[in-house]
Amino acid sequence: MSRCIADASALVSLGIVADNDPDPLALCLSRYKVVVPTTVIDELREIASYDDAHGHAASAVLDRVDAFTTQSVDLDAEFPLDDGENAAVTLANDLEAALFLCDEFNQLGLIHASLADTRLVTTPTLLSVLVRTEHLSAADARVLLDAISDARSWDANSYVQRARSLFEEP
């Protein structure tokens, strides 16, 4: 089973639709050995304190904390992102993880450049992988991506628009 390091941004995205059937968070947790830095757990707890879609999503992820591994990591004080991304990138490199799941679209270039041998994957990309491996239909992926996009205000994001086009009917 491939190891996947997850950041708070992507976990919140998956948590937004965790009550759906199919549940992409459950699919991710069953297909990958998900490892989350303890700093990301702290971020999720902070997000969960809000009474909004993101807070409910973070709570949905925290309700499944037993389904993934948490690990502490020393932060790189020079890394120019927040502590969660810092810890997740460091952990991905330390563990030589196959995947790094992150939805920080404004920082994808920096994150990608900071990863040694780990593939950067966003939630839309994860959904497309689940479609290609027949764990999710294209129609279900489109519905899930639309729900995530609405909650995350991704409608104007060209990266997400491109991913959405992958799920269009031929």
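The structure we're discussing is the one just above.
This report concerns the structure included in the present document. Everything numeric here is computed off the predicted structure, so don't read it as measured data. (Residues numbered from 1 in each chain as written. Predicted model: local features only at pLDDT ≥ 70, side-chain atom pairs only at ≥ 80, totals over all residues. Heavy atoms only, no water.)

Per the counting criterion, the structure on display carries 2 aromatic pairs. Look at Phe-105 and Trp-154: their rings are 5.0 Å apart centre to centre, the planes differ by 90 degrees, and that puts the pair in the edge-to-face class. Note that Phe-105 is positioned in the loop between β4 (99-101) and α6 (108-114) and Trp-154 in the loop between α8 (138-152) and α9 (158-165), a separation of 49 residues in sequence. The same class applies to Phe-105 as to Trp-154, namely buried. Taking the centre distance of 5.3 Å and the plane angle of 45 degrees together, the rings of Phe-105 and Tyr-159 count as tilted. Of this pair, Phe-105 sits in the loop between β4 and α6 while Tyr-159 sits in helix α9, and the two are 54 residues apart along the sequence. Aromatic ring contacts, followed pair by pair, group Phe-105, Trp-154 and Tyr-159 into a single cluster. The ring of Tyr-32 carries the charged tip of Arg-31 above its face, separated from the ring centre by 5.9 Å. (Phe/Tyr/Trp six-rings, centres within 6.5 Å; stacked < 30°, edge-to-face > 60°. Helix = DSSP H or I, 4+ residues; strand = E, 2+ residues; numbered from the N terminus. Buried < 20%, exposed > 50% of the residue type's maximum accessible area, 1.4 Å probe, protein only. Lys NZ or Arg CZ within 6 Å of the ring centre and 35° of its normal.)

Where strand β1 (residues 3-6) and strand β2 (residues 33-37) come together, 3 bridges link them in parallel fashion. Pairing of Arg-3 across the sheet is with Lys-33, part of β2. (Pairing = 2+ DSSP bridges.)

Another aspect to go through is the sheet that holds strand β3 (residues 69-71). Read across the open sheet, the 5 strands follow the order β3-β2-β1-β4-β5; overall the sheet is parallel. One side of each edge strand has no neighbouring strand; the edge strands of this open sheet are β3 and β5 (119-121). Adjacent strand axes in the sheet meet at a mean angle of 30 degrees when their direction is disregarded. Both β2 and β3 contribute to a ladder of 3 bridges, which runs parallel. Of the residues in β3, the one forming a bridge with Val-36 is Thr-70. Strands in contact with helix α3 (residues 38-48) are β1, β2 and β3; relative to β2, the strand with the most contacts, it is inclined by about 75 degrees. Packed onto the sheet, helix α7 (residues 123-132) meets β4 and β5 and runs at close to 95 degrees relative to β5. (Axes fitted to C-alpha atoms, helices over the stretch in contact; angles between N-to-C directions. Contact = heavy atoms within 4.5 Å.)

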